[in-house]
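As a plain string of letters, each chain reads:
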Amino acid sequence: MTSTQRWPEKGWALLQLLLVVSFSQAEEPVCRQRGDPEIPQISKDGDIMLGGVFSFHSSWKVIEDAYMHKPMPLQCTSFNFRGIQYAQAMLFAIEEINNSTDLLPGISLGYKIYDVCGSIARALTAALALANGNERVSAPSEAPCTTPAKVQAIMGETSSSPCMAIATVIGPFHIPLISHFATCACLSDKTKYPSFLRTIPSDYYQSRALAQLVKYFGWTWVGAIRSNNDYGNNGMAIFTETAQQLGICLEYSVSFFRTDPPDKMQKIIDIIKVSTSKVIVTFLSHMDIDMLIHELSRHNLTGYQWVGTEAWIFDSHTAAMDRHHILDGAIGLFIPKAHVSGMREFMLDVKPLNSSSNELFTEFWETLFSCKFKQSKSSAENQTECTGHEDVNDVQNSFTDMSLMPIFYNVYKGVYAVAHALHNILSCNKTCNNKVQLDPFMILQHIRKIQFTTKEGDEVYFNENGDPAAKYEIINWQPTENGIVDFVTVGLYDASLPADKQLNLLNKSLIWAQNSPKVPLSVCSEKCPPGTRKVLQKGKPVCCYDCLRCAEGEISNTTDSVTCARCHPEFWSNERRDACVKKEAEFLSYKEIMGALLTAASLFGTCMTAVVAYVFFRFRQTPIVRANNSELSFLLLFSLTLCFLCSLTFIGRPSEWSCMLRHTAFGITFVLCISCVLGKTIVVLMAFRATLPGSDVMKWFGPAQQKLSVLGFTLIQVIICILWLTISPPFPFKNFKEFKDKIILECALGSAVGFWAVLGYIGLLAMLCFILAFLARKLPDNFNEAKFITFSMLIFCAVWITFIPAYVSSPGKFSVAVEIFAILASSFGLLICIFVPKCYIILLKPEKNTKKNMMGKGAPKTAKAF
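Basis of the calculations
Residues numbered from 1 in each chain as written. Predicted model: local features only at pLDDT ≥ 70, side-chain atom pairs only at ≥ 80, totals over all residues. Heavy atoms only, no water. Pairing = 2+ DSSP bridges. Helix = DSSP H or I, 4+ residues; strand = E, 2+ residues; numbered from the N terminus. Axes fitted to C-alpha atoms, helices over the stretch in contact; angles between N-to-C directions. Buried < 20%, exposed > 50% of the residue type's maximum accessible area, 1.4 Å probe, protein only. Contact = heavy atoms within 4.5 Å. Expected span 1.5 Å × (residues − 1). Patch = residues over 30% accessible without salt bridge, like charges linked within 9 Å, V, L, I, M, F, W, Y side chains within 5 Å. Areas by Shrake-Rupley, 256 points an atom, 1.4 Å probe, with all protein chains shown as cover. Salt bridge = Lys/Arg side-chain N within 4 Å of Asp/Glu carboxyl O. 1 Å grid on protein atoms, 1.4 Å probe; cavity = no way out; pocket = protein on both sides within 12 Å on 5 of 7 lines; lining within 4 Å. Points joined across faces, edges and corners; volume = space filled by probe spheres on them. Nonpolar A, V, L, I, M, F, W, Y, C, P; charged D, E, K, R; others polar. Disulfide = S-S within 2.5 Å.

Q: If you had to explain the sheet that holds strand 31 (residues 742-748) to someone new, which residues and values would you point to?
A: One open sheet holds the 3 strands; their spatial order is 29-31-30, and the pairing between them is mixed. Looking at strand neighbours, the two that pair on one side only are strand 29 (584-586) and strand 30 (731-735), the edges of this open sheet. Going from strand to strand, the sheet's axes swing by 30° on average, the running direction of each strand aside. Here strand 29 pairs with strand 31 via 3 bridges, running parallel. Bridging across to strand 31, Ala585 finds its partner in Ile743.

Written out as structure tokens, the structure reads:
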């Protein structure tokens, strides 16, 4: 539980400790204790003695000591009914055991109980008195001044800090110290506190349970207030560590002690006022929380959600102090409820107190009934006189309140643990072996191994650290209509279960701060929704962050995501950035407008070529057809048809076969086409040279040579294409880089050298054809075909020269469209420039379709082959 005041009397404590442990002078014939004897406030003789250390008072008068004379005894103030109740619980357990025939038969337990007033120094004095006794011990002068321990075990103390001091002093003597309410996790360290045990769970479990409770309700931004002692500091340290692991941040963590000056409490109030967190986690003693409530009431600080520990969450006295309903809706942990038959009646029967110490009983009675006995020195005239016959059942205060019955039950279990250990050591059956020499170390070892069941059916045992099993009830403060707080159990916590099952909230409605049925919100930043990620705010805890939208192509599909995950290359983020959707596959399709127009243009060119071929075939005997080398003309028309049709292979979803076909078909058909044009150009040049005297060039370039030249030029392109397809052919490729939200389905070139070799060869033939046609453009004839070939080659070269930059810079399907446009444009250029003028004469000017007209007036007669 809580630690009491720090050490204001530490000078006196050191001096007294030295006095207590000092020995008599060597020449004295007896062992004599230095200083005044410590008389227990409550005692009773027995065969085996047990000690008790409780705080019947909660404070003391601070006296400045000049160290010039012997210090005065500590003057205790503020009578504490809780300490009396703990002592009563111990007496009840001893009475039960003494009256039992099953446990320690024939053995009576006695007790010595001291009031330590919450003082660590006084607790040490009492513990040493219990260990040494106050008797005068005779001994020979040469014998060591030693005696067996006067008590076999000590019950208490309530707070952690006094227990640490006592356990440190009596630990070397192995006298068991069993606490009912000291919860500091530090006391589990058996190297420092080897003889300490307790019947209440360690704060190690409570702190972790509180952190899990805070996380359960989604509170990630909380304040923390603790008592500035071992209980508060150690408990809050474990809570802070666990909270950080669970993603909970502390906006502030402050400490105070009830004896601190007012300005320190004012600083804490100011911190709470400016804070943004709405949940406050406390590790405070019931006395410290009472002081804090008083200060918060003065400043009217309400509306906060309080999370408490076992120190005050089930304390009806604290609830009664909270007149301004500051703690309404508080939630926290308390040890499971308990009922011990007969204990309440025994505790309300104050006869044991009356038989022990008249001074203690008098103060207790006067405080309980707010009266004064006639002989009391502090009796006031306006105060009711005590008769000694007042009825305890007629008063309602913290003494008659049994809300802390689970803590009283802990005292009860501690006494029974010692009794069961003694029962085993003394080999009790119907009687006990009184000849056994009791040793505290032996008793300590048996207590550690003890395991028994109380009459209420609860199993009692200690683990290797001297701690019991950690089980808690989750308590919720629910105010009733008459203003009384109802402590409602709304859940359970069992540390022995798997981590995901330890915290179990029952199906009960909870009341929160300001009687709200809705769970309060306490976060530094709102949760980041899916589609965003958290970015920490500079200089602030990890719970304070901004929510940034995920970048394009990235998603987060969980709340409070730290990072955004990049979608698979074939997927893209949706508009909300919370899911990846499959990218749209883009390619030049027949169904879209551009694809349909290009298809139409291709088919139109094919039909136009077919019409020209039909016209030429229909008028193949006319001079203009015959004069233009009809065989090469039909071969040229056939190759143009293939050129128009090969553009269709570029449209549609790319596949392995279509990718290989489109480029090779294009390359071969265009070389075939240019080869025919080149052949016609050479024929024109050769024909006019043949008219020169003594020239016989036509026999070297007759019809057979023309066909072979076309075949030879085309064969070279076929070889290039075969090598390309063999070494590194084109293949279908998914282009993810061109567009972020689209997949461009295209044909990768495979070998760029192969592609540019095909284009380069076409360009080489085109340039050769253009040069030869340009040279023959001024040869005499009314219908010199070289002029039209020159113009067609000019168009062809212009188209393909502009194609290169356009092709490289066009994205996605547009690069394919550029290539198709270049094919169609150059094909139409050849078709229109070479054949349309002839068709015009054949169909519209038949009178010009004569040999005389074609030869021109006075022109020389052309060769027959021409």
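Back to the text.
Q: Pulling in residues and values, what's your account of the pairing of strand 6 (residues 109-115)?
A: Most of strand 6 sits inside the fold, with 7 of its 7 residues counted as buried. Side-chain alternation along strand 6 places Leu109, Tyr111, Ile113 and Asp115 on one buried face and Gly110, Lys112 and Tyr114 on a second face that is also buried. Pairing analysis gives 7 bridges linking strand 3 (residues 48-54) to strand 6, with the strands arranged parallel. For Gly52, the partnering residue across the bridge sits in strand 6 and is Ile113.

Q: For the environment of Leu759, give the residues involved together with the corresponding values.
A: In this fold, Leu759 is placed in helix 20 (residues 752-775). Note on Leu759: relative accessible area 12%, which makes it buried. Spatially, the C-alpha atoms of Leu759 and Trp800 are 9.1 Å apart, while their sequence positions differ by 41 residues. Among all residues touching Leu759, those that are not within four sequence positions of it are Phe666, Trp800 and Phe803.

Q: Residue-level account of helix 13 (residues 405-425), with values.
A: The end-to-end C-alpha distance of helix 13, which contains 21 residues, comes to 30 Å, matching closely the 30 Å that a straight helix rising 1.5 Å per residue would cover. Within helix 13, 19 of the 21 residues are buried, which leaves it mostly tucked inside the rest of the structure. Ser427, located one to two residues past helix 13, shows a positive phi value of around 50°.

Q: So, unusual backbone geometry: which residues are in play, and what are the values?
A: Omega for the peptide link from Gly156 to Glu157 comes to -10°, which places this bond in the cis form. Considering the arrangement of structural elements, one finds Glu157 in the loop between strand 8 (154-156) and helix 4 (160-170). Phi at Arg577 is positive, roughly 60°, even though this residue is not glycine. Along the chain, Arg577 turns up in the loop between strand 27 (571-573) and strand 28 (580-582). Residue classification places Arg577 among the buried positions, given a relative accessible area of 10%.

Q: I'd like a description of a nonpolar patch on the surface, backed by residues and values.
A: On the surface, Leu715, Ile719, Leu723 and Ile727 cluster together into a nonpolar patch covering about 420 Å² of accessible area. Within the secondary structure, Leu715 is located in helix 19 (residues 703-727). Classification of Leu715 as partly exposed rests on a relative accessible area of 46%.

Q: I'd like to hear about the sheet that holds strand 14 (residues 305-308), residue by residue, with values.
A: Spatially, 12-11-13-14-15-20-21-22 is the arrangement adopted by the 8 strands of the open sheet, whose pairing is mixed. The two strands at the open ends of the sheet, each matched to only one other strand, are strand 12 (249-256) and strand 22 (503-505). Within the sheet, the average angular offset between the axes of one strand and its neighbour, ignoring direction, is 25°. Note: strand 11 (residues 221-227) against strand 12, 7 bridges, orientation parallel. When the sheet's bridge partners are listed, Gly223 is paired in strand 12 with Tyr252.

Q: How would you sum up empty space enclosed by the protein? Please name residues and give values.
A: Applying the stated criterion across every chain yields a total of 4 cavities of 30 Å³ or more. One number sums up the size of the second largest cavity: a volume of about 60 Å³. Lining the second largest cavity we find 13 residues, and of these Phe587, Leu588, Pro654, Leu745 and Val816 sit closest to its centre. At the level of elements, strand 31 and helix 22 (813-844) are the ones that each hand at least two residues to the lining of the second largest cavity. At 4 residues, the largest contribution of residues to the lining of the second largest cavity is made by strand 31. A breakdown of the residues in the lining of the second largest cavity according to their chemical character gives 8 nonpolar, 2 polar and 3 charged.

Q: Talk me through the state of the cysteines; I want residue IDs and the actual numbers.
A: Within this structure, the stated rule accounts for 10 disulfides. Covalent S-S linkage joins Cys371 and Cys386, the inter-sulfur distance amounting to 1.7 Å. Here the disulfide of Cys371 and Cys386 is right-handed, its torsion about the S-S bond being about 105°. Here the residue Cys371 occupies a position in strand 16 (residues 371-372), and Cys386 occupies one in the loop between strand 17 (384-385) and helix 13, the gap between them amounting to 15 residues. Pair check on accessibility: Cys371 and Cys386 agree, each one buried. Note that Cys528 is cross-linked by a disulfide to Cys547, the S-S spacing being 2.0 Å. Torsion about the S-S bond of the Cys528 and Cys547 cystine: about -90°, corresponding to left-handed handedness. Here the residue Cys528 occupies a position in the loop between strand 22 and strand 23 (532-536), and Cys547 occupies one in strand 24 (residues 545-549), the gap between them amounting to 19 residues. When its relative accessible area of 33% is taken as the criterion, Cys547 is described as partly exposed. A disulfide-free cysteine, Cys643 has its sulfur positioned 4.8 Å from the sulfur of Cys673, the nearest such atom.

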